[in-house]
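Here are the chains, one letter per residue:
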Amino acid sequence: MRLTMLPGFMLLLPLAEIAGFVIVGRAIGVLATLGLVVLGVVVGMAILRRQGLGILQKMSAEGQSGVVPGRELLKPAMFVIAGLLFMIPGFISDILAILICIPAVRDLAWKYVSRRFVVVGGRNGFTASAGPNFRNRNPSAGGKVVDLDEDDFKREPNQNSPWSGKRLGD
């Protein structure tokens with residue numbers, strides 16, 4: 001799904017979920033419909049509790065170390081997504097969650113997602129995290145180091161600079 005389609009999807013999903021409530025409510029009754037919605041939330045909570053959010057931390061740690069998260073991490077991550085979809089009240093999100101629980105669908109998702117993983121420079125000091133990783137920094141790995149003594153470089157005020165010597169209100 002393209003990112004440009006996301007706003008339309010986010011607007012249409014609640015309308016489709018409401019239509020699903022009406023159709024299922026007419027077919028099986030209001031109390032049974034509410035029971036199915038509550039059951040979906042309970043199943044979603046059980047899946048999240050069983051898988052735990054630790055899998056997301058493992059994926060983040062592998063991404064920060066420069067390793068592409070493998071297929072063995074995708075299965076629990078997909079179950080976390082399924083659990084979150086089960087917790088959204090509605091039958092369409094529940095159907096999507098059930099589809100995610102099917103191994104053949106997860107295999108298709110792996111084929112789709114594995115081509116799109118991007119890990120940014122893992123070993124030369126910069127990782128997929130928010131900032132540089134200075135512990136692993138290796139200056140001889142392509143960066144140029146210039147070693148200067150105190151008398152080799154001095155910074156003096158530049159009188160021609162528009163920023164020197166002026167104060168607000170002058």
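Our subject is the structure that appears above.
Now for a description of the structure that goes with this document. The model shown is predicted, which means the values in this text are computed figures rather than measured ones. (Residues numbered from 1 in each chain as written. Predicted model: local features only at pLDDT ≥ 70, side-chain atom pairs only at ≥ 80, totals over all residues. Heavy atoms only, no water.)

**Focus on the overall build of the protein chain**
- A count of helices and strands for the protein chain gives 6 helices and 0 strands.
- Taken from the N to the C terminus, the helices and strands of the protein chain come in the order α-α-α-α-α-α.
- Looking at the protein chain as a whole, 23% of its 170 residues qualify as buried.
- The contacts in the protein chain between residues at least 6 apart in sequence include a share of 56% that link residues at least 24 apart.
- A total of about 13300 Å² of accessible surface is found on the protein chain, and carbon and sulfur atoms cover 64% of it. (Helix = DSSP H or I, 4+ residues; strand = E, 2+ residues; numbered from the N terminus. Buried < 20%, exposed > 50% of the residue type's maximum accessible area, 1.4 Å probe, protein only. Contact = heavy atoms within 4.5 Å. Areas by Shrake-Rupley, 256 points an atom, 1.4 Å probe, with all protein chains shown as cover.)

**Quick notes on the packing of aromatic side chains**
- Taken as a whole, this structure holds 1 aromatic pair when the rule is applied.
- Between Phe21 and Phe91, the ring centres sit 5.6 Å apart and the planes meet at 70°, which makes this aromatic pair edge-to-face. Placement of Phe21 in helix 1 (residues 6-28) and of Phe91 in helix 5 (residues 91-100) is noted, with a sequence separation of 70 residues between them.
- Using a relative accessible area of 14% as the deciding quantity, one classes Phe91 as buried. (Phe/Tyr/Trp six-rings, centres within 6.5 Å; stacked < 30°, edge-to-face > 60°.)

**Observations regarding the environment of Ile100**
- Mapped onto the elements, Ile100 comes out in helix 5.
- Note on Ile100: relative accessible area 12%, which makes it buried.
- Ile100 sits 25 residues away from Lys75 along the chain, and the two C-alpha atoms are 9.4 Å apart.
- Residues contacting Ile100, with those up to four places away along its chain left out, are Met78, Ile81, Ala82, Leu85, Val105 and Arg106.

**Quick look at the environment of Val38**
- Structurally, the position occupied by Val38 is in helix 2 (residues 30-51).
- Between the C-alpha atom of Val38 and that of Phe86, which follows or precedes it by 48 residues, the distance is 9.7 Å.

**Things to note about a nonpolar patch on the surface**
- On the surface, Leu3, Leu6, Phe9, Met10, Ile92, Ile95, Leu96, Ile98, Leu99 and Ile102 cluster together to form a nonpolar patch covering roughly 880 Å² of accessible area.
- Those elements that provide at least two residues to the nonpolar patch are helix 1 and helix 5.
- At 5 residues, the largest contribution of residues to the nonpolar patch is made by helix 5.
- Structurally, Ile92 can be placed in helix 5.
- Relative accessible area serves as the criterion here: at 31%, Ile92 is assigned to the partly exposed category. (Patch = residues over 30% accessible without salt bridge, like charges linked within 9 Å, V, L, I, M, F, W, Y side chains within 5 Å. Salt bridge = Lys/Arg side-chain N within 4 Å of Asp/Glu carboxyl O.)

**Examining helix 6 (residues 103-114)**
- Under the 1.5 Å per step criterion, the end-to-end length of helix 6 is 16 Å for 12 residues, consistent within 8% with the ideal 16 Å.
- By the burial criterion, the buried members of helix 6 are Arg106, Ala109 and Trp110. Taken down its axis, helix 6 places every buried residue within 105° of arc, on the same side. Exposed side of helix 6, more than 90 degrees from the buried face: Leu108 and Lys111 are the residues found there. (Expected span 1.5 Å × (residues − 1). Arc of directions from axis to C-beta.)

**Some details on a negative patch on the surface**
- Residues Asp147, Asp149, Glu150, Asp151 and Asp152 make up a contiguous surface patch of negative charge.
- Along the polypeptide, Glu150 turns up in the segment after helix 6.
- Looking at Glu150, the relative accessible area reads 74%, which means it is exposed. (Lys, Arg positive; Asp, Glu negative; His and termini not counted. Charge placed at Lys NZ, Arg CZ, Asp CG, Glu CD.)

**As for the packing of helix 1 against helix 2**
- Where helix 1 meets helix 2, the axes come as close as 7 Å, and the angle between the chain directions of the two elements is 125°. If you check the angle between helix 1 and helix 2, you find them oblique. The way helix 1 lies across helix 2 gives a crossing that is right-handed. Contact with helix 1, carried on its side by Phe21, Val24, Gly25 and Ile28, involves Val30, Ala32, Thr33, Leu36 and Val37 of helix 2 and no other residues of that element. (Axes fitted to C-alpha atoms, helices over the stretch in contact; angles between N-to-C directions. Parallel < 35°, antiparallel > 145°, perpendicular 65-115°, else oblique. Left-handed = near helix turned anticlockwise from the far one by under 90°.)

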